Amino acid sequence: MVFQTLVLFTRSRGPDSFWRNRKIFKLSAVSFCLFFFVTGWCHTIWEFFQHYIGRRRNCYSIAIRNVHRALVYATKGRKLKKQDMKDLWDVRLTAACEEHDFSYPLLAEGLSRCNILLNRKSLTDLAIWEPRSFKVICLMPSVRWYQKE
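Everything in this summary refers to the structure shown in the same document. (Residues numbered from 1 in each chain as written. Predicted model: local features only at pLDDT ≥ 70, side-chain atom pairs only at ≥ 80, totals over all residues. Heavy atoms only, no water.)

## Overview of unusual backbone geometry
Alright, step 1. For Asp101, which is not a glycine, the phi torsion comes out positive at approximately 55 degrees.
Alright, step 2. One can find Asp101 in the loop between helix H5 (60–99) and helix H6 (104–113).
Alright, step 3. One non-glycine residue, Asn115, lies in positive phi territory at about 60 degrees.
Alright, step 4. For Asn115, the position within the fold is in the loop between H6 and helix H7 (120–129).
Alright, step 5. Owing to a relative accessible area of 66%, Asn115 belongs among the exposed residues under this scheme. (Helix = DSSP H or I, 4+ residues; strand = E, 2+ residues; numbered from the N terminus. Buried < 20%, exposed > 50% of the residue type's maximum accessible area, 1.4 Å probe, protein only.)

Structural data, given as structure tokens:
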């Protein structure tokens, strides 16, 4: 590319955009890889839209738009997964506490007063796989609760 002035030379941003898009488009249609960095992980653009059909795969601008949308959904999905797991643990803990005639908020308050630092996940695992241990853990705050009164 020949530049007539210094201003045109400074305005140019690397290779021509047509050839840059053409290169990425060519790589998306075949099994070559163009490395694309997303959140610190080295992914390939081809991996992102190799399973698309039609223009979503063959047209660069549409493919990139769909890849960005998919990455946004993946980010939201990670947050929703954490929220779903928290809700599941709460439901399981509430059910396990009701088996022992105890409420979950009282259990959480009693465990914090006894300086027993167990999170929801570990309490749920204990309730499922070791019910006797969970029963003892439920009894400890109640015994301490009645000792103070």
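From this point, things continue past the structure.
## What about H5?
Alright, step 1. With 40 residues, H5 should reach 58 Å at 1.5 Å per residue; the first-to-last C-alpha distance of 58 Å fits that figure.
Alright, step 2. Ile62, Ala63, Ile64, Asn66, Val67, Leu93, Ala96 and Cys97 are the residues of H5 that are buried.
Alright, step 3. Once H5 ends, the next one or two residues include Asp101, with phi positive near 55 degrees. (Expected span 1.5 Å × (residues − 1).)

## Side note on a positive patch on the surface
Alright, step 1. Together, Arg55, Arg56, Arg65 and Arg69 make up a region of like positive charge exposed at the surface.
Alright, step 2. Mapped onto the positive patch, the elements with two or more residues apiece are helix H4 (55–58) and H5.
Alright, step 3. On the basis of relative accessibility, which here comes to 41%, the residue Arg69 falls in the partly exposed class. (Patch = residues over 30% accessible without salt bridge, like charges linked within 9 Å, V, L, I, M, F, W, Y side chains within 5 Å. Areas by Shrake-Rupley, 256 points an atom, 1.4 Å probe, with all protein chains shown as cover. Salt bridge = Lys/Arg side-chain N within 4 Å of Asp/Glu carboxyl O. Lys, Arg positive; Asp, Glu negative; His and termini not counted. Charge placed at Lys NZ, Arg CZ, Asp CG, Glu CD.)

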